[in-house]
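Spelled out from the first residue to the last, the chains are:
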Amino acid sequence: MRDGTVAGAAAVHPLGPAHASGEPTQGAPGGPLGRLVAETCARLRPYLSPVSAARLDEVTRRLAGPLQLAVAGRIKSGKSTVVNALIGRRVAATDVRECTRLVTRFQYGTVDRVEVVRTDGGRHTLPYDAEGLVPADLGVEPDRIAYLDAYLTSALLASVTVIDTPGLASTDRASARRTEALLGGPAGATDASAGPGEAGTGNAAAAGPQLDAGSQAAIAQAEAVLYVLTQTTRADDAEALAAFQAYSAPQAASPMNAVGLLNKADQIAAPDPVAAARELAAAQARALRHRVSDVLPLAGLVAEATETGQFTESDAELLRQLARLEPASRELLFYSADLFVRPEVPVGGRARLLERLDLFGVRQAVDLIAANPGLTTGELRHRLAAQSGFPALRELVDHAFRRRADGIKASVALAALDLLAARAPVPADRTRIRDAVEELLQRPQAHQLRLLEAAALVSSGTVPMPADRAVELAALVSGETAAEQLGAPGADREALCGRALERAAAWRSFATFGATPAQSRVAHQVHRGFFLLWQRLAAGAP
Ligand SMILES: Nc1nc2c(ncn2[C@@H]2O[C@H](COP(=O)(O)OP(=O)(O)OP(=O)(O)O)[C@@H](O)[C@H]2O)c(=O)[nH]1
Ligand SMILES: [Mg+2]
């Protein structure tokens, strides 16, 4: 276990890492909504006081960077394992003994390296260790470290920065506090409900939410979150999720930007853990529907093995040996991990297989080979990955999050502008920023931002809405095609046009006659959303 904690106030430069890192500064935002917000910022900047202008620069810089995706959850839920699988390299230490103590931002860089960002604002650079992991020895006392910037030439990181976080309900209050800070929650919210073996002993509530600057820098980065859950969703899971969403304006904290992972699916004690995991994940998604948009079942360990190249030819060969055993003795092997000590399996390989795949993963692999002895190592890896549930997560990050990054980032930037206005040292700044945001939101091109805000209010339960209307709004906001937006797959353009107009009218009438004032405000935005969609369709847009 790495020792020491990170605590105390610090003086990390608010402009944060990209400026100091030596990596090229990001260019303009990739999407139309981001560009719209960036243009507003550029127009506004000359009229602001130097302090607000510097803060505005930070908003603009973040807008142009990759989506900031935090992986959060309780201690030992498998966060670092998920991070490794996503990045496609085993870079974060994962071990029963190894606790993640620091917020680590894995991001694209031209040279692989770890930059240690110290609480005094200084940085020093280290290489990854001999195994390719973020080194355990960071060269200074841990309490002098704010967070880590880990650079990798991984393709995924070009569009998404993956932030590994210390576990919540950690016995190490300082590192848990950093995550609670990242999630926007009060320090110590998790201690009371921590279970046996996980309980923190410190009186964290008494410690107070003293956020160090390193954590604040990390908070400012998270734009979406993967929340790693295990079998039982505990009260503190929901609390931490609530805290993430309470951190900033609803549009930045939309449940649409938070997805749960039911990890360690392989460890569910059921005759068919895969099927049980699917059901449990669906139940958790219902229970947490105002917190996350979905819960995906995952065997993170298997995903890590298959995605990071840890699962090798010699592992596959060993599994083939096992598959050739008599069915009865094979079965005996799987009664428990202890029985996995048989002369047929060399000691080293045995430990390695268990470490890579755990017992259920080994069984799955052996079953796959037994059913199809000609399976190549590549095919085996592919099938194991498919059974782990990882493809759905990959799809979510590569496709759904990446596609929606423009809207997410623009919404987060608008929320940051609100905050900037609220904290402006000069009253004139406040008025100018608010006027600029209002002017931006009046434009038809910015309507998607209003819709995102409305969807956030509805999906978080802040504005209650009949279930069918909530579903309709979610589709309108996140559908990739007009047919998806209108919930009418396969419909032709004429039908889509008709439906868009019909839905616009239905929402207008709901806004006028059937709704509470809050519902009415949302309904007006949705009406306009369908109307604009109709205009686009009628004008022949794709
Ligand atoms: N069987 C099984 N074990 C897993 C799975 N995912 C992670 N683990 C194991 O759980 C332990 C903790 O995993 P980590 O990824 O280090 O968990 P973490 O949430 O990052 O832990 P902290 O940073 O200390 O909070 C490790 O021994 C992993 O190998 C899984 O899907 N199945
Ligand atoms: Mg970890």
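Residues numbered from 1 in each chain as written. Chains lettered and ligands numbered in written order. Predicted model: local features only at pLDDT ≥ 70, side-chain atom pairs only at ≥ 80, totals over all residues. Heavy atoms only, no water.

Explain the site of ligand 1 here, please?
Close to ligand 1 lie 22 residues, the nearest being Lys76, Lys79, Thr81, Thr100 and Asp358. A distance of 2.5 Å separates an oxygen atom of ligand 1 from a polar side-chain atom of Lys76. Between ligand 1 and Gly78, the relevant distance is 2.9 Å, taken from an oxygen atom to a main-chain nitrogen or oxygen of the residue. Expressed as a share of its isolated accessible area of 650 Å², the protein-covered part of ligand 1 is 93%. Counting only elements with at least two residues in the shell around ligand 1, the list comes to helix 4 (79-87) and helix 10 (300-307). Of the residues forming the shell around ligand 1, the biggest block, three residues, is contributed by helix 4. Partitioning the shell around ligand 1 into residue classes produces five nonpolar, ten polar and seven charged. (Near = heavy atom within 4 Å. Polar contact = N/O pair within 3.5 Å; in protein donor to acceptor, adjacent residues only side chain to side chain. Areas by Shrake-Rupley, 256 points an atom, 1.4 Å probe, with all protein chains shown as cover. Helix = DSSP H or I, 4+ residues; strand = E, 2+ residues; numbered from the N terminus. Nonpolar A, V, L, I, M, F, W, Y, C, P; charged D, E, K, R; others polar.)

Just to check I follow, could you spell out the nonpolar core for this structure?
Considering soluble globular proteins, one finds that nonpolar side chains tend to be buried as a cluster. The biggest cluster of nonpolar side chains holds 54 residues, and the ones touching the most others in it are Val37, Leu417 and Leu449. With residues up to four places along the chain from it excluded, the contact list for Leu449 reads Leu33, Val37, Gly407, Ala410, Ser411, Leu414 and Leu441. If you look at the next biggest cluster of nonpolar residues, it comprises 44 residues, including Val134, Leu138, Val160 and Val397. (Core = buried A, V, L, I, M, F, W, Y, C linked by side-chain atoms within 4.5 Å. Buried < 20%, exposed > 50% of the residue type's maximum accessible area, 1.4 Å probe, protein only. Contact = heavy atoms within 4.5 Å.)

What is the right way to read the packing of helix 17 (residues 447-459) against helix 18 (residues 467-478) from this model?
A pair of packed helices is characterised by two quantities: the angle between their axes and the separation of those axes. Two numbers describe how helix 17 lies on helix 18: the axes approach to 10 Å, and their chain directions differ by 145°. Taken as a pair, helix 17 and helix 18 cross one another with a handedness that is left-handed. Residues Gln448, Leu451, Leu452, Ala454, Ala455 and Val458 of helix 17 form the contact with helix 18, whose own contacting residues are Ala470, Leu473, Leu476 and Val477. Tallied by class, the residues present in the contact of helix 17 with helix 18 amount to nine nonpolar, one polar and no charged. (Axes fitted to C-alpha atoms, helices over the stretch in contact; angles between N-to-C directions. Left-handed = near helix turned anticlockwise from the far one by under 90°.)

Looking at this structure, how should I read the confidence of the model for the protein?
Model confidence for the protein is summarised by a mean pLDDT of 81, while 77% of its residues fall at 70 or above. Long-range and interchain partners of residues 1-20, a stretch whose pLDDT sits below 50, account for 61 contacts in this model, where long-range means more than four residues apart. Of the regions scoring below 50 in pLDDT, residues 184-216 engages in 63 contacts with residues more than four places distant in sequence or in other chains. (pLDDT = per-residue confidence, 0-100.)

Even after reading the chapter, I still don't get the pairing of strand 8 (residues 258-262), so can you show me in this structure?
Along a regular strand, successive side chains alternate from one face of the sheet to the other. The element strand 8 is extensively covered by neighbouring structure, given that five of its five residues are classed as buried. Judged by which residues are buried, strand 8 turns out to be covered on both faces: Ala258, Gly260 and Leu262 on one side and Val259 and Leu261 on the other are all buried. Bridging between strand 7 (residues 224-229) and strand 8 involves five bridges; their strand directions are parallel. Residue pairing across strands places Tyr227 opposite Gly260, the latter belonging to strand 8. Between the parallel elements strand 8 and strand 9 (residues 295-297), the chain passes through helix 9 (residues 273-287) in a crossover that is right-handed. (Pairing = 2+ DSSP bridges. Right-handed = clockwise from strand over helix to strand, strands pointing away.)

I would appreciate a short explanation of the packing of aromatic side chains in the present structure.
Each aromatic ring pair is specified by the distance between its two centres and by the angle formed by the two planes. Summed over the entire model, instances satisfying the criterion amount to two aromatic pairs. Between the aromatic rings of Trp507 and Phe510, the centroid separation amounts to 5.9 Å while the plane-to-plane angle is 85°, which identifies the pairing as edge-to-face. On the criterion of helical spacing, the pair formed by Trp507 and Phe510 is a turn pair, its members being three residues apart in helix 20 (residues 493-514). Using a relative accessible area of 0% as the deciding quantity, one classes Trp507 as buried. (Phe/Tyr/Trp six-rings, centres within 6.5 Å; stacked < 30°, edge-to-face > 60°.)

How should I be thinking about the sheet that holds strand 2 (residues 104-108) in this particular structure?
Strands belonging to one sheet form pairs held by backbone hydrogen bonds; the direction of such a pair is parallel or antiparallel. Across the sheet, nine strands lie side by side as 4-3-5-2-6-1-7-8-9; this open sheet has mixed pairing. The two strands at the open ends of the sheet, each matched to only one other strand, are strand 4 (123-126) and strand 9. In this sheet, adjacent strand axes meet at a mean angle of 25° when their direction is disregarded. The pairing of strand 3 (residues 113-118) with strand 5 (residues 145-152) spans six bridges and is classified as antiparallel. If you follow Arg118 over to strand 5, its bridge partner there is Ile145. Across the sheet, helix 4 lies against strand 1 (67-73), strand 2, strand 5, strand 6 (160-164), strand 7 and strand 8, angled at about 145° from strand 1, the strand it touches most. The strands that helix 15 (residues 390-422) touches are strand 1, strand 6, strand 7, strand 8 and strand 9; relative to strand 1, the one it contacts most, it runs at about 125°.

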